[in-house]
Amino acid sequence: MEDIDAIVIGSGIGGLVTATQLAAKGAKVLVLERYLIPGGSAGYFERQGYRFDVGASMIFGLGQNGTTNLLTRALAAVNVSQNAIADPVQIHYHLPQGLDLKVDRVYEKFLQNLIAHFPHEEKGIRRFYDECQKVFKCLNSMDLLSLEEPRYLLRVFFQRPLACLGLVKYLPQNAGDFARRYIKDSELLKFIDMECYCWSVVPSDMTPMINAGMVFSDRHYGGVNYPKGGVGQIAQKLVEGLEKAGGKIQYQARVTKILTEKGKAVGVQLANGKVYRGKRIVSNATRWDTFEQLLPAEEMPLNEKNWQQNYQKSPSFLSLHIGVKESVLPAGTECHHILLEGWEKMTAAEGTIFVSIPTLLDPDLAPSGYHIIHAFTPHWIDDWQELSPSEYEAKKEEAAGRIIDRLEKIFPGLDAGLDYLEVGTPRTHRRFLGRQDGTYGPIPRRKLRGLLKMPFNRTAIPGLYCVGDSTFPGQGLNAVAFSGFACAHRIAVDLGF
Ligand SMILES: Cc1cc2nc3c(=O)[nH]c(=O)nc-3n(C[C@H](O)[C@H](O)[C@H](O)COP(=O)(O)OP(=O)(O)OC[C@H]3O[C@@H](n4cnc5c(N)ncnc54)[C@H](O)[C@@H]3O)c2cc1C
């Protein structure tokens, strides 16, 4: 490729949305991916007739209406689409003190379920979740593009002044402040903490209201939808669209260096020594990998150092990819579950267990008569370092045994019904996803003012942009798609497309 407009390092959903948006505008785009397939944390792998999602499987952004259905929009922009299967329940919670609760797709039904547990807090529950709906209505009424582009900001302000003012109000706020304003019951506040923790991996006090508003409302609007054929399909389809639009992707192309000239990013170097030059460079690697590995750590720009003082790496996960006999799942089992036995363990390693059973929505992902259970729980890489191969295997087996024992409570007979088991650790996440320490992404070191400190796509290095979960607005497929739309928009304006 001659005269490349943008080189994108990495084909996670953030990188692919940037690439496809730019290609759709006529830019010449090259994506360089270190692994064999696209998708990163939204990729997949196949074993013995099972197709496992690497990570994500509770998917927002595949709805049909509004403006926040960013995955649907990203696919449509390059003339591809993805069939999606509606999930009637977002999560079935199995929480301490018998707090057993389903988050129904229908908003009022969810509220009724929660109010049945906390009837004395009906007013507070409604006020808190209605406040979240207000955030969502603001977001869902405008095109979501680059907040670093003044003319766009001016345009949306004149088109939707009230929505914009609403967002300015919520931007520096955290969900916990609203929860505490409306709700007094300490058990219910712990539930709100879990509602936030299960995707932001921090309690409500540290979870930005903008993100909470999105998740707590969109699940009742566009809903949670599972992509037919597995989550990996989204990236595969984006690549198909990218290539149709004239873009290119190379696999097994690990970038080892971002090349700069006179302080400006001008190209990249691969592990095999090959060099590509482009007008703009986009990194879909985490900010830690970008500024500590791909660029010299000792030359880290001041604003990146400040960012690292505000944000730290969240833990990674211990992941169990399980194939089981269908008889293990009781009738009426939902697709997503969260299990926690004691509130004090919510944020601890092996505290909260997340479970997805995608074959309940798409049976074709497993051999007939079997289901996939993906169970994962936070774990830090430090606990998995400096082990001999046999110690590592033994540690994996012990940890998997503990998780399976706990899951027996909701799936009796799980151990006996096992057909396949593969265990991933933080080391696996680091190796296959190319993410430092296998981290799930950035989390605030302390309570910050909402999303105010989260960086957008431009960096202190001219010509270099970041996209993905270490940019505004953070983790999750729909969130990184937002970051991709914003990144492509900013680059398109910079390049005059
Ligand atoms: C276990 C788990 C469960 C999750 N569950 C959900 C969920 O249910 N719903 C949800 O919405 N989100 C979920 N997430 C989060 C979601 O998957 C991520 O936030 C999102 O996929 C991150 O996308 P990204 O574009 O930032 O980057 P990544 O997915 O990290 O992709 C980055 C890509 O860049 C490549 N790369 C990195 N460095 C280089 C290099 N030097 N050269 C070339 N290529 C490189 C990597 O190989 C990778 O393909 C989950 C994540 C995990 C790990």
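Residues numbered from 1 in each chain as written. Predicted model: local features only at pLDDT ≥ 70, side-chain atom pairs only at ≥ 80, totals over all residues.

Here the focus is the overall build of the chain. In terms of helices and strands, the chain carries 15 helices and 20 strands. A globule of 497 residues ought to have a C-alpha radius of gyration of about 23 Å, and the chain, at 22 Å, matches this closely. Taking the principal axes of the C-alpha coordinates as reference, the chain spans close to 60 × 55 × 40 Å. Expressed as a percentage of the 497 residues in the chain, the buried residues total 52%. The long-range fraction of contacts in the chain, counting pairs at least 24 apart against all pairs at least 6 apart in sequence, stands at 73%. (Helix = DSSP H or I, 4+ residues; strand = E, 2+ residues; numbered from the N terminus. Rg over C-alpha atoms; globule rule 2.2 N^0.38 Å. Buried ≥ 20, exposed ≤ 12 C-beta atoms within 10 Å, placed from the backbone. Contact = placed C-beta atoms within 7 Å.)

In contact at an axis separation of 8 Å, helix 2 (residues 70-77) and helix 10 (residues 232-244) are set at 30° when each is read in the N-to-C sense. With respect to each other, helix 2 and helix 10 are oriented roughly parallel. Where helix 2 abuts helix 10, its residues Leu 71, Ala 74 and Leu 75 lie against Ile 234, Lys 237, Leu 238 and Gly 241. Classifying every residue of the contact of helix 2 with helix 10 by side-chain character gives five nonpolar, one polar and one charged. (Axes fitted to C-alpha atoms, helices over the stretch in contact; angles between N-to-C directions. Parallel < 35°, antiparallel > 145°, perpendicular 65-115°, else oblique. Nonpolar A, V, L, I, M, F, W, Y, C, P; charged D, E, K, R; others polar.)

A word on the sheet that holds strand 16 (residues 353-356). The strand order 7-6-15-16-17-14-18 describes an open sheet built from seven strands, whose pairing is mixed. Strands at the two margins of the open sheet, each flanked by one partner only, are strand 7 (99-104) and strand 18 (418-424). Averaged over all adjacent pairs, the angle separating strand axes in this sheet is 15°, with direction ignored. Here strand 6 (residues 89-95) pairs with strand 15 (residues 336-339) via three bridges, running parallel. Bridged to His 92 within strand 15 is His 337. (Pairing = 2+ DSSP bridges.)

Along its sequence, the chain is carved into domain 1 (4-43 + 59-83 + 228-312 + 442-495), domain 2 (105-223) and domain 3 (315-436). In this structure, domain 1 and domain 2 have C-alpha centres spaced 26 Å apart. Across the boundary between the two partners, domain 1 contributes 29 residues, which contact 31 residues of domain 2. Listed by contribution, the elements that provide at least two residues to the side of domain 1 that touches domain 2 are strand 19 (442-444) and helix 15 (477-495). Per-element tally for the side of domain 1 that touches domain 2: the top contributor is helix 15, with six residues. Here the side of domain 1 that touches domain 2 is composed, by residue class, of 12 nonpolar, 13 polar and four charged. (Domains from an automatic or database assignment.)

With that settled, consider the site of the ligand. Taken together, 38 residues lie near the ligand, and Gly 10, Gly 12, Gly 40, Gly 55 and Gly 468 sit nearest. Considering every element that reaches the shell around the ligand, the biggest residue donor is helix 1 (residues 13-24), with three residues. Of the residues belonging to the shell around the ligand, the class tally is 16 nonpolar, 16 polar and six charged. (Near = placed C-beta within 6 Å.)

All right, on to the pairing of strand 10 (residues 255-261) then. Taken together, the six bridges between strand 10 and strand 11 (residues 264-270) define a ladder with antiparallel strand orientation. Each residue of the ladder has a partner; that of Thr 260, found in strand 11, is Ala 265. Between strand 10 and the antiparallel strand that follows it, strand 11, lie two residues; Lys 262 among them carries a positive phi value of about 50°.

Bridge analysis of strand 1 (residues 4-9) against strand 12 (residues 275-283) gives five bridges, and the strand direction is parallel. The partner of Ile 4 across the bridge, within strand 12, is Gly 278. Two successive antiparallel strands, strand 11 and strand 12, enclose a turn made up of four residues, where Gly 273 displays a positive phi of approximately 95°. In this sheet, strand 20 (residues 464-466) lies alongside strand 12 in parallel orientation, the contact comprising three bridges. Along strand 20, the bridge assignment pairs Ser 283 with Cys 466.

Here helix 13 (residues 389-407) spans 27 Å end to end across 19 residues, near enough to the 27 Å set by a 1.5 Å rise per residue. Looking only at helix 13, the buried set comprises Lys 396, Ala 399, Ile 403 and Leu 407. Considered in projection along helix 13, the buried side chains sweep an arc of 85° and stay on one side of the axis. When the buried face of helix 13 is taken as reference, the exposed residues oriented beyond 90 degrees from it are Ser 390, Glu 391, Ala 394, Glu 397, Glu 398, Gly 401 and Asp 405. (Expected span 1.5 Å × (residues − 1). Arc of directions from axis to C-beta.)

Taking 1.5 Å of rise per residue, the 13 residues of helix 10 would be expected to cover 18 Å, and the 19 Å separating its terminal C-alpha atoms lies within 8% of that figure. Most of helix 10 sits inside the fold, with 10 of its 13 residues counted as buried. Listed in full, the buried residues belonging to helix 10 are Gly 232, Gln 233, Ile 234, Ala 235, Gln 236, Lys 237, Leu 238, Val 239, Gly 241 and Leu 242. Just beyond helix 10, the residue with positive phi is Gly 246, at close to 95°.

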